[in-house]
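# Fold and geometry: a report
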Amino acid sequence: MTNRSWDHNRQVLRELLRQLRKERAGLTQVELSQALGRPQSYVSKYETGERRLDYVEVVEICQAIGVAVDDFNEAYQARADVNS
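Reading the values: rules and limits
Residues numbered from 1 in each chain as written. Predicted model: local features only at pLDDT ≥ 70, side-chain atom pairs only at ≥ 80, totals over all residues. Heavy atoms only, no water. Helix = DSSP H or I, 4+ residues; strand = E, 2+ residues; numbered from the N terminus. Rg over C-alpha atoms; globule rule 2.2 N^0.38 Å. Buried < 20%, exposed > 50% of the residue type's maximum accessible area, 1.4 Å probe, protein only. Contact = heavy atoms within 4.5 Å. Areas by Shrake-Rupley, 256 points an atom, 1.4 Å probe, with all protein chains shown as cover. Lys, Arg positive; Asp, Glu negative; His and termini not counted. Charge placed at Lys NZ, Arg CZ, Asp CG, Glu CD. Core = buried A, V, L, I, M, F, W, Y, C linked by side-chain atoms within 4.5 Å.

## Side note on the overall build of the chain
The number of helices and strands found in the chain is five helices and zero strands. Taking 12 Å as the expected radius of gyration for a compact globule of 84 residues, we find that the chain reaches 13 Å, a close match to that expectation. In the chain, which comprises 84 residues, the share counted as buried stands at 29%. In the chain, the share of contacts with a sequence separation of at least 24, taken over all contacts with a separation of at least 6, comes to 57%. Of the roughly 5500 Å² of accessible surface on the chain, a fraction of 45% belongs to carbon and sulfur atoms. Of the charged side chains in the chain, 12 are positive and 13 negative; the average position of the first set lies 6 Å away from that of the second.

Structure (structure tokens):
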């Protein structure tokens, strides 16, 4: 049995990170992976949901794409089912 709210929120997280990478930072997966010091597959896997991220990793990604964590959290909360 899956938790649909949980699944939805994970999808929102992935989509928001991908959108910010592309639209706000104008970075490819390769460029972001280089900024993070990780392989390109790291970015691909978390964007497709194959890999889960912890909070520290999300903070590192926000820093690499030039997005304040507070701004990221606000955008995430506006899209996710955080009050469910």
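There is more to say, and it comes next.
## Description of the nonpolar core
One finds Tyr46, Leu53, Ile61 and Phe72 to be the most contacted residues of the largest nonpolar core, which totals 17 residues. Elements that contribute at least two residues to this core include exactly helix 1 (4–24), helix 3 (40–48), helix 4 (55–65) and helix 5 (69–79). In contact with leucine 53, other than residues within four places in its own chain, are Leu17, Tyr42, Tyr46, Val58 and Ile61.

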